[in-house]
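The residues making up each chain are set out below.
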Amino acid sequence: MAEKLICAHCGEDCGKDPVIYDGKPFCCQGCRTVYQLLEENKLGQYYTLMDIPQGVKTDENASSSSRYAFLDKEEIKRKLLEFSNEQFSRVTFYIPAIHCSSCIWLLENLHRMHPGIVTSMVNFNKKEVSVVFRPKNISLRQLADLLDSIHYAPEITLEQTEGQKGRRNSRILILQLGVAGFCFGNTMLFSFPEYLAIHEPIDGPLHQLFNLINLFLGTLAMLYGGRDYFLSAFKNLKHGILNLDLPISIGMLALWGQSTWMVLGEGRNGYFDSLAGFVFLLLIGKWYQSKTYDALSFERDYKAYFPVAVTRVNDSGVEESTLLKEIKPGDILRIRNKELIPADGILRSGVGTIDYSFVTGESKPVAVSEGQAVFGGGRQIGESIYVEVSAAVDESKLTSLWNQHHDDENEKKSSLQPLITKVSHYFVYGLLSVSLITLIFWLVFNPSLAVRAFVSVLIVACPCAIALTLPFTFGNTRRYFGHKGFYLKKPEVVEQLAHADTIVFDKTGTLTRPDVYDVKYFGRKLSEEERMVFRSLFMHSTHPLSQAVYKYLGEGDATLSLENYRELTSRGLLAVYKGKRVMAGSAEFTQLPGFERDDDSSPRVYLRLGDEPIGFFEIGARLREGIDILISEVAQDYELHLISGDTSATGLPIGKWFAPENVRFRLSPVEKRDYIRELVNRGKRVIMIGDGLNDAGALSAGLAGISIADRVYYFTPASDAILEADSLPILPRFLQMSRKNMGVVRASLLISLIYNIVGLSFAARGLLSPLIAAILMPASSVSVVAFTTVATSLLAHFYLKKSPRII
Amino acid sequence: MSIILILASAGFLLALGFLVAFYWATKSGQFDDTYTPSVRILHDELHTPEPNTDPSHVNELNSKSNPS
């Protein structure tokens, strides 16, 4: 075999027919064009920034010249443009292909490719590029086409055109963090005399000035930095819920009140340094927790899957690009090869071969003839079809399933009470009783100490350490998971994963690969000429089975010219070679009695040359790598189920992996969801692992839903976590580590409990000195943060480092 | 002792100045993306002449398009 040629643009294998340009090999014309374009604009440096060329390859499925035609519409422009006047416009595109520093470099040099572009700026984490351009020189559509032509296709979804999400929330948290940190540092500075017990030179007015500054800073930290805790505690209290924010708020108020009294009433230093430090630490925990994967979306529904605009044929027969939401019943739409049918309708002309796999999970395309119904969400494979719309997009049968999702959210929350909720419950009651007992005790025995002891208890018992435990334990774990290709929506998902006892797998696209097939040949040996004949026959068909066989036969490079080539939808292919009929397709079509079909439902493609039956190909799904190890590892700890929209799963050792009563086929998306719900009702804690829209209901019904994706930045259904398909084999490690995490949380809670008991024993006796308060409170928080961080890092080292990531 | 008073107030005012600077930096979006600039700075400038940039307009535009 010849040495592999690597494409100079995208780094992929060039295969049999490399395109040679400028002395360099390219895998396809597309890559060559991009190379040429970059060279002409003196942007060849793109290729030297990385050691291995790692350009991006465009999604072949999506390219079409009028793909961005809808960007010429005023309404869309108005929604997408962030700023626009006569001279300049600014737009931000989401580009999933951004993946390396070369991408940043190229996209920030866009102005060299077109004089109409003024500047462009990349946000790598969000995979966005902001472009300032002159609308007179380059239109929005031309800009999108330009990006597409260099293989950085912007992804514009319906959601985006329905209003931008606010991105300024994180700024407020950063501001709060900064202000609290500022107050913390400066109160410590002005408390220095107190720390060092220097009284002699600075007592008197200067000391009081320092105290007043501290009063100001502490108040600022509490009111600005701690604002959200008060609001949350108040809101929850109104609904009768006691959460951890309540003791935090009480603690802050008590500390503030006590310190204010000390400064104003007694002329002494208060505990404002502790107060500001406390707010600062809490906010750090919150910030750590709020770090999200900006470029990933965990909330996508069918809208993200649908295009923004489709091609409509108007009354005078002219095709025009129309917004999806303007589609009315009665409109005629043209659906090209691999385009999505956006709404329910009736096929008016053309031959429909529609792949509903993403919506229903059924992997075999469905043949539809003129006059029959087609459903929104299907993808046409083959020639263009014309569809008359019969229902608006929102009312289509398949998509309406996903509009019910939001009801599920509340149900799910109640199914498992997080550990922290239980702990804070006990904590709040414990704290209230201890403080009241203290108050009553001292009122009886020594009233002069009563208020002080009461306030001291409230101060010391402040659950800072408890509040920091979860953000740091789960936040840190989530970070390690992210390194290995497992992205959690929220840190709390770790806890959900830890409690699960049942795993439900989807079959198509989850256990098996969606795009690769195992082709097996049965029959007499093909001669070299025959192989080429059939290869040429399959070459022109876009049907997935034909493509699979074509690849299987694809060793030779020559093709023969066949006469009278015809493709009969869902039946087979037909041509004439040297006066003989060449046929390939279903058993009925090729009329081959010699190969009777048994009940086996793996699709087969039969071959016939003239009158002679040759044999058949059996095309089975291919398992993802490492599935057998995965299943055998999780089988020890979890009850396993398999649900699929497919009719059966021949060729997979299902019986070995799953108990027969736990396997279900032919499930519609709704039945999948109900299956999970039934498991939940039986008391199972279910993790659902799926990949497509057809699993979206099931993903949200269980304790946790994990969606598998080969390309995480492209479409994934709404779920709690996204797992890169390559990391699927190490899923058991993730689950084990989640369970160990609960141990870390418990240990950390124990540590803070010990601190609390020590502190309370001083406070309840009325002996809390400023020194003890100043040591105990930061010490408990810092030790909890240190313990959880170190413990989770060790766990990650133990569970994740040793498993090399398969790329 | 008045020297401490002067020093302390000068220090405090300086710190307040930094707080204001921090507020401005946050509001102008400097913390929105903390990764890309670290890559951007490593890229060499291209030495071919720039075809069309008019910096004055761009600055004006950026300030206009950044409300708040």
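A brief report on the enclosed structure follows. (Residues numbered from 1 in each chain as written. Chains lettered and ligands numbered in written order. Predicted model: local features only at pLDDT ≥ 70, side-chain atom pairs only at ≥ 80, totals over all residues. Heavy atoms only, no water.)

In this section: the overall build of chain B. Of the regular secondary structure elements, chain B holds three helices and zero strands. For chain B, the residues scored as buried account for 22% of the 68 residues in total. Accessible surface, chain B: about 4800 Å² in total, of which carbon and sulfur atoms supply 68%. (Helix = DSSP H or I, 4+ residues; strand = E, 2+ residues; numbered from the N terminus. Buried < 20%, exposed > 50% of the residue type's maximum accessible area, 1.4 Å probe, protein only. Areas by Shrake-Rupley, 256 points an atom, 1.4 Å probe, with all protein chains shown as cover.)

Scanning chain A from N- to C-terminus turns up 28 helices and 28 strands. Counting over 807 residues, chain A shows a buried share of 54%. At a minimum sequence separation of 6, the contacts of chain A that also span at least 24 residues come to 68%. Carbon together with sulfur atoms contributes 57% to the accessible area of chain A, which is approximately 35300 Å² in total. (Contact = heavy atoms within 4.5 Å.)

This paragraph deals with the sheet that holds strand E6 (residues 128-133) of chain A. Residue and element names in this part refer to chain A. Spatial ordering of the open sheet is given by E3-E4-E6-E5, a layout of four strands whose pairing is antiparallel. Looking along the sheet, the strands with just one partner apiece sit at the ends: strand E3 (81-84) and strand E5 (117-123). Each neighbouring strand pair of the sheet contributes to a mean axis angle of 15°, computed without reference to strand direction. Pairing geometry for E5 and E6, over six bridges, is antiparallel. When the bridges of E6 are listed, Val122 appears paired with Val129. (Pairing = 2+ DSSP bridges. Axes fitted to C-alpha atoms, helices over the stretch in contact; angles between N-to-C directions.)

Below, the discussion takes up the side chain of A:Ser738. All names here are of chain A. The residue Ser738 is located in helix H27 (residues 731-764) in this model. Residue Ser738 is classed as buried on the basis of its relative accessible area, which comes to 0%. Non-local contacts of Ser738, meaning those with residues more than four positions away in its chain, are made with Phe481, Val494, Leu497 and Ala498.

Turning next to the environment of A:Leu237. All names here are of chain A. Its place among the elements puts Leu237 in helix H9 (residues 227-238). Residue class for Leu237 comes out partly exposed when judged on its relative accessible area of 43%. Setting aside residues no more than four positions away along its own chain, Leu237 makes contact with Leu242 and Leu246.

For the rest of this paragraph, the subject is the pattern of salt bridges. Residue and element names in this part refer to chain A. Counting across every chain of the model gives 16 salt bridges over all chains. Note that Glu82 and Arg90 form a salt bridge whose closest N and O atoms lie 3.2 Å from each other. According to the relative accessible area criterion, Glu82 is partly exposed, its value standing at 32%. When its relative accessible area of 15% is taken as the criterion, Arg90 is described as buried. Beyond isolated ion pairs, a larger network of salt bridges with shared partners links Asp72, Arg141 and Asp145. (Salt bridge = Lys/Arg side-chain N within 4 Å of Asp/Glu carboxyl O.)

Side-chain positions along a regular strand alternate between the two faces of the sheet. Residues and elements named next belong to chain A. Taking every second residue as pointing to the same face, the buried face of strand E15 (residues 385-389) carries Ile385, Val387 and Val389, while none of Tyr386 and Glu388 on the other face is buried. Taken together, the four bridges between strand E9 (residues 332-335) and E15 define a ladder with antiparallel strand orientation. Across the sheet, Leu333 pairs through a bridge with Val387, a residue of E15. As judged from the four bridges shared by strand E10 (residues 345-349) and E15, these two strands associate in the antiparallel manner. By the bridge assignment for E15, Ile346 is matched with Glu388.

Turning next to the side chain of A:Asn741. Residue and element names in this part refer to chain A. Within the secondary structure layout, Asn741 lies in helix H27. Overall, Asn741 belongs to the buried group, its relative accessible area being 0%. Excluding its chain neighbours within four sequence positions, the residues that come into contact with Asn741 are Thr473, Phe474, Thr477, Val494, Thr792 and Leu795.

Attention now goes to unusual backbone geometry. Where the residue is not glycine, phi is negative for most of them; where a peptide bond is considered, it is trans in most cases. All names here are of chain A. Look at Lys127: it is not a glycine, yet its phi comes out positive at around 55°. One can find Lys127 in the loop between E5 and E6. Using a relative accessible area of 5% as the deciding quantity, one classes Lys127 as buried. A positive phi angle, close to 55°, is found at Arg666, a residue other than glycine. Turning to its location among the elements, Arg666 is positioned in the loop between strand E25 (663-664) and helix H25 (669-681).

Moving on, we get to the packing of aromatic side chains. Both the distance between ring centres and the angle between the ring planes are used here to describe each pair of aromatic rings. All names here are of chain A. Within the structure shown, the criterion is met by 16 aromatic pairs over all chains. Look at Phe481 and Phe486: their rings are 5.4 Å apart centre to centre, the planes differ by 35°, and that puts the pair in the tilted class. With a relative accessible area of 0%, Phe481 lands in the buried category. Relative to Tyr799, the ring of Phe798 has its centre 5.1 Å away and its plane inclined at 85°; by these criteria the two rings are edge-to-face. Looking at Lys127, its charged tip hangs above the ring of Phe124, at a distance of 5.5 Å from the centre. The positively charged end of Arg479 is found above the aromatic ring belonging to Tyr480, 5.3 Å away from the centroid. (Phe/Tyr/Trp six-rings, centres within 6.5 Å; stacked < 30°, edge-to-face > 60°. Lys NZ or Arg CZ within 6 Å of the ring centre and 35° of its normal.)

Attention shifts here to helix H15 (residues 419-445) of chain A. An ideal rise of 1.5 Å per residue puts 39 Å on 27 residues; H15(A) measures up with 39 Å between its terminal C-alpha atoms. Against helix H10 (245-266), helix H16 (447-460), helix H17 (464-483), helix H18 (493-499) and H27 of chain A lie the buried residues of H15(A). (Expected span 1.5 Å × (residues − 1).)

Time to look at the sheet that holds strand E12 (residues 366-368) of chain A. The three strands are arranged E12-E11-E14 (chain A) in an open sheet whose pairing can be described as antiparallel. Each of the sheet's edge strands pairs with one partner strand only, and the pair in question is E12 and strand E14 (379-380) of chain A.

Next up on the list: the packing of H9(A) against H10(A). Residue and element names in this part refer to chain A. Contact pair H9 / H10: the axes reach a minimum separation of 8 Å and the direction vectors enclose 125°. Here H9 is positioned oblique relative to H10, judged by the angle of their axes. Once H9 is placed against H10, the crossing between them reads as left-handed. Of the residues in H10, those touching H9 at Tyr229, Phe230, Ser232, Ala233 and Leu237 are Asp245, Leu246, Ile248, Ser249, Met252 and Leu253. Grouping the amino acids of the contact of H9 with H10 by side-chain chemistry returns eight nonpolar, two polar and one charged. (Parallel < 35°, antiparallel > 145°, perpendicular 65-115°, else oblique. Left-handed = near helix turned anticlockwise from the far one by under 90°. Nonpolar A, V, L, I, M, F, W, Y, C, P; charged D, E, K, R; others polar.)

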